[in-house]
Every structure is written in structure tokens, then in C-alpha cells.
Amino acid sequence: MAAGELFVEMECHQFTKSGQNACGDDYQLLTLENENRSIAVLSDGLGSGIKAHMLANMTTTMGLHFLKSNVDVLRSVETIMDSLPICEVRKISYATFSMVDFRLGGITRVIEMGNPQYIQLRGNVEVPAQKHQKIVSQRWPDREVDCYETRMEPGDRLIICSDGVTQAGLGQKKYKFGWRRSGELEYIQNTLRRDPNISARDLAYSVAFQALSITPGKCLDDISCLVIYLRHPRILRILTGPPFHKVHDHAFAMLATAGANDVVICGGTTASILERELKKKVEIDLHLVKSSGDLPPAGIMPGVGLVTEGILTLSRVCSLLESGNFENSPMAARAIITRINENDVIEFIVGTKVNEAHQDPNLPIELELRRNIIKRLVTILETKYRKKVVVKYY
């Protein structure tokens, strides 16, 4: 990724209302790289459970399409309202929403109906909208739509949420009128004072969890918090496999020492090349062997990064990312996944020399060739984890 290039991190965390099988809120995120745009929609369906989720999902699906296609705001809102099914009990069709159209280097539009007003922070100082307009549909005169325009600068965060956040604790002695937007804002500002570099993922979780904790032991409403964070990208570089030509070993090894925030070295042969070329030794804490699970323990190359076994570990990382279940995962795989979650751009530097050990037909079938594992990782990281992935072969 070029120096000075910016990255838009978008993440949402949700908690489902107690006793329900589905969250009544829904969100959808999309990055349009060719247009330098990132769009997001968060919707809260009427009521809770499956029906509410269907209302919210219809709204986010249509909203995302309309944003992407640059459809007029009033036409978009009227189409959404016309399309939602009528609730049999309340005889109304309804879903609140927040839609964000972020254009890198340009105007960011926020369109809201019924949801709490968005928060934009520069550092921990709130940034007011540059422009605000209210739109009312003649067909739906009871629905007011707020349209905001603002500019996002590097380091800015934009936070949107459902009313499960701002109404948390409603009726309690301490929160007679709920946590409210002011309580959410104060909490976020205090969080940023403690951790100015907190990721969108961690901030979204922190806000949602704080709203949940206001009513201990029970989630009284669906809770959603979505954070958009504009920043310089955090880069994780994963080196695996020896280069095809030995003459490239030094250049390959030097890639582990510059241009990345975090480095992982996967494979014994790969680690040996770096030890030789960088004059450094891998250190393994033998006390961790028993707790390393069914994968070889990870080590550290001082001043460089994490060192793990190769094909087996990458294959396990891939399977865990696909399942989304990281509980009880081996220490080495979990260490790589933690680093993936903490970074925005994942660079794979892949040596293409064939390791004859992996061609043995008696080895387990899950020992896929390195190249195929990387392809699977690229797909899952781009589609499920919204990472920017770069692959370079040596």
C-alpha cells in the first residue's frame, strides 16, 4: 500500500434482545474501491425477533443499493417505506435507519430516520455537521428524514447506533430517560482519552457492551453500534515459504524488517532463511509447549516478529477464520488471528519453492499446498473480515 494512503475501517457489534433468536437490527457495509467510497446502513426493525430482523434486513438491503446507485434521498426513503410489510398488530410498516455515504477526500453524507443522531469525533472532540436538512415525504408525512453533510479527516471516527444504545437503562433510577446520546458521547470520549488508537472493531464492541451492562443480566432491546474510522492503514506482513531462487533470500528476508506494523514468519525453512540473512535467532519459551495445543509452539524473532510452523498452522488459521469460532484454538493459530484482527492490510509474501515434504501422499489430505491455502485465506479475509489483502510471490 502506498505511503500516505488512507484506510476506512468499518465495524459493527450487536447484542440480541434476551429471549429472541434473531437480532431485530441489521447492518450492511460495502467498500467501492474504484470510487473511493465506503457505504454503510444500520436499521432497527419494528419490535424484535425474526419479524423485526426481516424489516431491518429489507431496509439495509434497499438502502445499500440506493446509496450505491446514487438514488435521490426522498425517492429512496419513499421506496423503502412503500416496500416494508405491514405489522399485523400495530398496522404500520416501520424500520428506522442510518445511512452513511463516505467519499474519501470529499463530502460524507449521513441520512437518518428515527435512529439516534450520529456522532463524529476528531480526537475526542465532537465535530458538528457542516449542513443539515430535514426532508418530509408527502406520502409519509409522519416520517422526518435528517440529511447531514460533513467532512472526515484522517483520525476521525463516525459512530452510529440503534436506540438500544441510547435507551439502555430506561426507567432505572440512575437512567430515568435512558443512557441517552449524551451518555454515549461521554463514554466514547473517555474511552478515546484512555486509548486514542482504539480500532473501530474494539470501540464498537466497547460501546455496545457498555449499553448492555447498564441493565445487568438481561438485554432489554437489540443493541447495535457501528463505527467508521478513517486512518493510515495498519499492515500485517506474513512471510511463508522459501523463495524459488536462493539468490533472492536476502531481499525476501529484508521484507520482514520494514514497511509493516506487524510481521509473522510461517515455516521452519522460512525462519531459517531469516535467521541466516538477518543474523537473528528464534526464541521459543519452552514453558509454553504444554499449552500450545496440537500445533507446534510459536516463537519470537527479536526485532522482527512472531514465528510459527508453516502449512499446518496456516491451514488451521484458515479453517478457524472460515468458521468464526476461535475458542480453544491452538496458541500459534490464535496469535496469528489476533494480529489479523488488529491490522487492516494483510500482505502475504509467498516463497514458491516446493517443499518436498508436502508432496508425500501418506500425509493427511488437509495438508494443502501453500498456494491454495493462501487463496482460501485471501477469499475469507476479503469477504468476511473486510481486510485489504495483497499477495506477492517470490
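The sections below set out a description of the structure shown in this document. Starting afresh in each chain, residues are numbered from 1 along the sequence in its written order. Whole-chain, interface and lining totals are the exception, using all residues; otherwise, since this is a predicted model, local features are given only for residues with pLDDT of at least 70 and side-chain atom pairs are given and counted only at 80 or more. Calculation of side-chain values draws on the structure's entire complement of heavy atoms; hydrogens and water are dropped beforehand.

### Concerning the pairing of strand β5 (residues 107–113)
For step 1, the next point in the chain: The buried count for β5 comes to five of seven residues, which makes it a mostly enclosed element.
For step 2, the next point in the chain: Pairing between two strands is assigned when DSSP locates at least 2 bridges connecting them. Strands here mean DSSP runs of E at least two residues long; helices mean DSSP runs of H or I at least four residues long; both are numbered from the N terminus. Judged from the four bridges that link them, strand β4 (residues 95–103) and β5 form a sheet pairing that is antiparallel. Of the residues in β5, the one forming a bridge with D101 is R109.
For step 3, the next point in the chain: Two elements, β5 and strand β9 (residues 144–151), share six bridges in a ladder whose sense is antiparallel. Among the inter-strand pairings, T108 is bridged to a residue of β9, identified as T150. Burial classes: relative accessible area under 20% of the type maximum marks a residue as buried, over 50% as exposed, and values in between as partly exposed (1.4 Å probe, protein chains only).

### Examining the packing of aromatic side chains
For step 1, the next point in the chain: Note on aromatic pairs: the rings of Phe, Tyr and Trp (six-membered ring only in Trp) are paired at centre separations within 6.5 Å, and the planes decide the class, stacked below 30 degrees, edge-to-face beyond 60, tilted for the rest. Under the definition given, this model contains six aromatic pairs.
For step 2, the next point in the chain: On the basis of an interplanar angle of 20° and a centroid distance of 5.6 Å, the ring pair of Y205 and F209 is categorised as stacked. You can see Y205 and its partner F209 sitting in helix α5 (residues 200–213), four residues apart, about one turn around the helix.
For step 3, the next point in the chain: By relative accessible area, Y205 is classed as partly exposed at 38%.
For step 4, the next point in the chain: Ring-pair connections join several aromatic residues into one group, and the members of that group are F15, Y205 and F209.
For step 5, the next point in the chain: One cation-aromatic arrangement involves R157 over Y229; the distance from NZ or CZ to the ring centre is 3.9 Å.
For step 6, the next point in the chain: Sitting over a ring, as applied to charges here, requires NZ of Lys or CZ of Arg to be within 6 Å of the ring centre and within 35 degrees of the ring normal. One Lys or Arg, R371, reaches over the ring of Y393 and ends 4.8 Å from the middle of that ring.

### Focus on the sheet that holds β5
For step 1, the next point in the chain: On the basis of which strands lie adjacent, the open sheet formed by six strands has the order β2-β3-β4-β5-β9-β8 and antiparallel pairing. In the strand order of this sheet, the two ends are held by β2 (25–32) and β8 (131–136), each with one partner. Averaged over neighbouring strand pairs, the angle between their axes works out to 10° when direction is ignored.
For step 2, the next point in the chain: The sheet strands contacting helix α1 (residues 49–68) are β2, β3 (37–45), β4 and β5, and the helix crosses β3 at an angle near 155°.
For step 3, the next point in the chain: In this analysis, two residues are considered to be in contact whenever any of their non-hydrogen atoms come within 4.5 Å of each other. Axis definition: a line fitted to C-alpha atoms, limited for helices to the stretch in contact. Angles are taken between N-to-C directions and run from 0 to 180 degrees. Lying on the sheet, helix α2 (residues 73–83) is in contact with β4, β5, β8 and β9; it crosses β5 at an angle near 35°.

### Looking at the pattern of salt bridges
For step 1, the next point in the chain: The term salt bridge refers to a side-chain nitrogen of Lys or Arg lying within 4 Å of a carboxyl oxygen of Asp or Glu. The tally for this structure, following the rule as stated, stands at 23 salt bridges.
For step 2, the next point in the chain: In this structure, the salt-bridge partner of R376 is E322, at a minimum N-O distance of 2.9 Å. Pair noted here: R376 is in helix α10 (residues 370–383) and E322 is in helix α8 (residues 311–323), with a separation of 54 residues, a long-range link.
For step 3, the next point in the chain: The exposure class of R376 is partly exposed, given its relative accessible area of 23%.
For step 4, the next point in the chain: Accessibility expressed as a relative area gives 36% for E322, which makes it partly exposed.
For step 5, the next point in the chain: A single salt-bridge network, built from bridges that share partners, covers E35, R37, D101, R103 and R109.

### Digging into the sheet that holds strand β11 (residues 223–231)
For step 1, the next point in the chain: Taken in spatial order, the five strands line up as β1-β11-β10-β6-β7 in an open sheet, and their pairing is antiparallel. Each having just a single partner strand, β1 (7–15) and β7 (125–126) make up the two edges of the open sheet.
For step 2, the next point in the chain: For strand β10 (residues 156–161) and β11, the ladder comprises five bridges, and the chain directions are antiparallel. Each residue of the ladder has a partner; that of L158, found in β11, is I228.
For step 3, the next point in the chain: This element, α5, spans β1, β10 and β11 of the sheet and lies at about 25° to β1.

### Re unusual backbone geometry
For step 1, the next point in the chain: Despite not being glycine, N36 has its phi angle at roughly 55°, a positive value.
For step 2, the next point in the chain: Note on N36: relative accessible area 46%, which makes it partly exposed.
For step 3, the next point in the chain: Notably, N70 is not glycine yet its phi reads approximately 60°, a positive angle.
For step 4, the next point in the chain: Classification of N70 by relative accessible area gives partly exposed; the value is 46%.

### A look at the nonpolar core
For step 1, the next point in the chain: Core analysis: the biggest nonpolar cluster contains 30 residues, and V317, L321, I340, F348, L377 and L381 have the highest contact counts within it.
For step 2, the next point in the chain: Of all the secondary-structure elements, those providing two or more residues to this core are β12 (235–240), β13 (262–266), α8, α9 (331–342), β16 (345–350) and α10.
For step 3, the next point in the chain: In contact with L381, other than residues within four places in its own chain, are L321, I340, I346, F348, R386, K387 and V389.
For step 4, the next point in the chain: Here, the term nonpolar core denotes a set of buried Ala, Val, Leu, Ile, Met, Phe, Trp, Tyr and Cys residues that are joined through side-chain atoms within 4.5 Å. Membership of the second largest hydrophobic core comes to 26 residues, among which are L185, A200, L203 and C225.

### Here's the deal with the packing of α1 against α2
For step 1, the next point in the chain: Following both chains from N to C, one finds α1 and α2 inclined at 155°, their axes separated by 10 Å at the closest point. Between α1 and α2, the angle is such that the two are roughly antiparallel. For the crossing formed where α1 meets α2, the hand is right-handed. Of α2, the residues touching α1 (which contributes M58, T59, M62, G63 and F66) are S76, T79, I80 and S83.
For step 2, the next point in the chain: Here the residues of the contact of α1 with α2 are counted per class, giving four nonpolar, five polar and no charged. The labels follow the angle: roughly parallel below 35 degrees, roughly antiparallel above 145, roughly perpendicular from 65 to 115, and oblique for the rest. Take the far helix as your reference; a near helix turned counterclockwise from it by less than a right angle gives a left-handed crossing, and one turned clockwise gives a right-handed crossing. Gly is put with the polar residues, along with every residue not named as nonpolar or charged; the nonpolar set is Ala, Val, Leu, Ile, Met, Phe, Trp, Tyr, Cys and Pro, and the charged set is Asp, Glu, Lys and Arg.

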